[in-house]
Amino acid sequence: MEVQINTNMNKDLPINEQIKAESMMVIGPNGEQMGQKKLEDALTLARYAGLDLVLMNDNGNMAVAKIMDYNKYRYERQKKLKEQQKKQRETNKEVKEYRLSTTIDVHDFDTRVRNAKDYLVKGHRIKAFIRFKGRQMARPELGKDVLLRFAGALEEVSNIEAQPKLEGRQMFMLLAPKK
């Protein structure tokens, strides 16, 4: 994924000899406007400053180039992109599903509680559900008891968002992390 980002950045902004425009508006390293310059003059100014000439905008009637350290600019842009992706991941927390049964063993139950606790601490929501098979449909209260016991085991790190509800052959409950 990062390889694609780097190649796109090189294609996005032509630098130094990659620039095709004959003349351009040049912006100095401190943001001051240096006026309209020919490509050769702008490259000379950039080399004299020990920096790169970067074509920022090529559309319209006048191209705009800036004298800057391109590698530093690219690094900061990548850093901002990673920060945006991190924030996006934080806002898109997943709903983790845990399938239980009315006849679940103690060890299996404890393992699911431990894993669910880890996800709740990370900020994910939990959907616990039980699928009733055959004659288990005659006693849905057994499934409700298991779901409430699951919620009780996680009550220190979660709140019940949706109480156990039966839909067809499945009963489910939603847990949300405590703030």
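Further up the page is the structure itself.
Residues numbered from 1 in each chain as written. Predicted model: local features only at pLDDT ≥ 70, side-chain atom pairs only at ≥ 80, totals over all residues. Heavy atoms only, no water.

## Focus on the overall build of the protein chain
So, point 1. For the protein chain, the count of helices and strands is 5 helices and 8 strands.
So, point 2. Helices and strands appear in the protein chain in the N-to-C order α-β-β-α-β-β-α-β-α-β-α-β-β.
So, point 3. Radius of gyration (C-alpha) of the protein chain: 30 Å, far over the 16 Å computed for a compact globule of 179 residues.
So, point 4. In terms of overall dimensions, the protein chain has a C-alpha envelope of 85 × 30 × 25 Å along the principal axes.
So, point 5. For the protein chain, with 179 residues in total, the buried portion stands at 30%.
So, point 6. Counting only contacts in the protein chain whose residues sit at least 6 apart along the sequence, the fraction spanning at least 24 positions is 57%.
So, point 7. When the accessible area of the protein chain is evaluated, it comes to approximately 12100 Å², of which 47% is carbon and sulfur surface.
So, point 8. The centroid of the 34 positive side-chain charges in the protein chain is displaced by 6 Å from the centroid of its 25 negative side-chain charges. (Helix = DSSP H or I, 4+ residues; strand = E, 2+ residues; numbered from the N terminus. Rg over C-alpha atoms; globule rule 2.2 N^0.38 Å. Buried < 20%, exposed > 50% of the residue type's maximum accessible area, 1.4 Å probe, protein only. Contact = heavy atoms within 4.5 Å. Areas by Shrake-Rupley, 256 points an atom, 1.4 Å probe, with all protein chains shown as cover. Lys, Arg positive; Asp, Glu negative; His and termini not counted. Charge placed at Lys NZ, Arg CZ, Asp CG, Glu CD.)

## Let's talk about the sheet that holds strand β8 (residues 170–177)
So, point 1. One open sheet accounts for 4 strands, arranged β5-β6-β8-β7; its pairing is mixed. At either end of the open sheet lies a strand with only one pairing partner, and these are β5 (95–100) and β7 (158–167). The mean inter-strand angle of the sheet, taken between neighbouring strand axes irrespective of direction, is 20°.
So, point 2. The strands that helix α4 (residues 106–122) touches are β5, β6 (125–131), β7 and β8; relative to β5, the one it contacts most, it runs at about 170°.
So, point 3. Along the sheet, helix α5 (residues 140–153) makes contact with β5, β6, β7 and β8, crossing β8 at roughly 15°. (Pairing = 2+ DSSP bridges. Axes fitted to C-alpha atoms, helices over the stretch in contact; angles between N-to-C directions.)

## A few points about the packing of α4 against α5
So, point 1. Interhelical geometry of α4 versus α5 gives an angle of 50° and a closest axis separation of 10 Å. The pairing of α4 with α5 is recorded here as oblique in orientation. The crossing of α4 and α5 is right-handed. Residues Phe 109, Arg 112, Val 113, Ala 116 and Lys 117 of α4 touch α5, and the partners they reach there are Val 146, Arg 149, Phe 150 and Ala 153.
So, point 2. For the contact of α4 with α5, the per-class residue count stands at 6 nonpolar, no polar and 3 charged. (Parallel < 35°, antiparallel > 145°, perpendicular 65-115°, else oblique. Left-handed = near helix turned anticlockwise from the far one by under 90°. Nonpolar A, V, L, I, M, F, W, Y, C, P; charged D, E, K, R; others polar.)

## Focus: the nonpolar core
So, point 1. Counting residues in hydrophobic clusters, the biggest one holds 20 residues, and the most contacted among them are Leu 100, Ile 126, Leu 147, Phe 150, Leu 154, Met 173 and Leu 175.
So, point 2. For this core, the elements supplying multiple residues, two or more each, are β5, α4, β6, α5 and β8.
So, point 3. Setting aside its immediate chain neighbours within four residues, Phe 150 contacts Tyr 98, Leu 100, Phe 109, Arg 112, Val 113, Ala 116, Ile 126, Ala 128, Met 173 and Leu 175.
So, point 4. If you look at the next biggest cluster of nonpolar residues, it comprises 13 residues, including Val 26, Leu 43, Leu 53 and Ala 63. (Core = buried A, V, L, I, M, F, W, Y, C linked by side-chain atoms within 4.5 Å.)

## Brief notes about the pairing of strand β1 (residues 23–27)
So, point 1. What you see with β1 is a clean split: Met 24 and Val 26 sit on the buried side and Ser 23, Met 25 and Ile 27 on the side with no burial.
So, point 2. Strand direction decides the pairing type here: β1 and strand β2 (residues 33–38), joined by 5 bridges, are antiparallel. Across the sheet, the residue bridging to Val 26 is Gly 35, located in β2.
So, point 3. Connecting β1 to the antiparallel partner β2 that follows it, the hairpin turn spans 5 residues, and Gly 31 within it adopts a positive phi of roughly 95°.

## Structural notes on the pairing of strand β4 (residues 63–68)
So, point 1. Note: β1 against β4, 4 bridges, orientation parallel. Directly across from Met 24, in β4, lies its bridge partner Ala 63.
So, point 2. Strand direction decides the pairing type here: strand β3 (residues 52–57) and β4, joined by 5 bridges, are antiparallel. Its bridge partner lying in β4, Val 54 is registered against Lys 66.
So, point 3. Remark: 5 residues form the turn of the hairpin made by β3 and β4, two consecutive strands paired antiparallel; Gly 60 in that turn has positive phi of roughly 95°.

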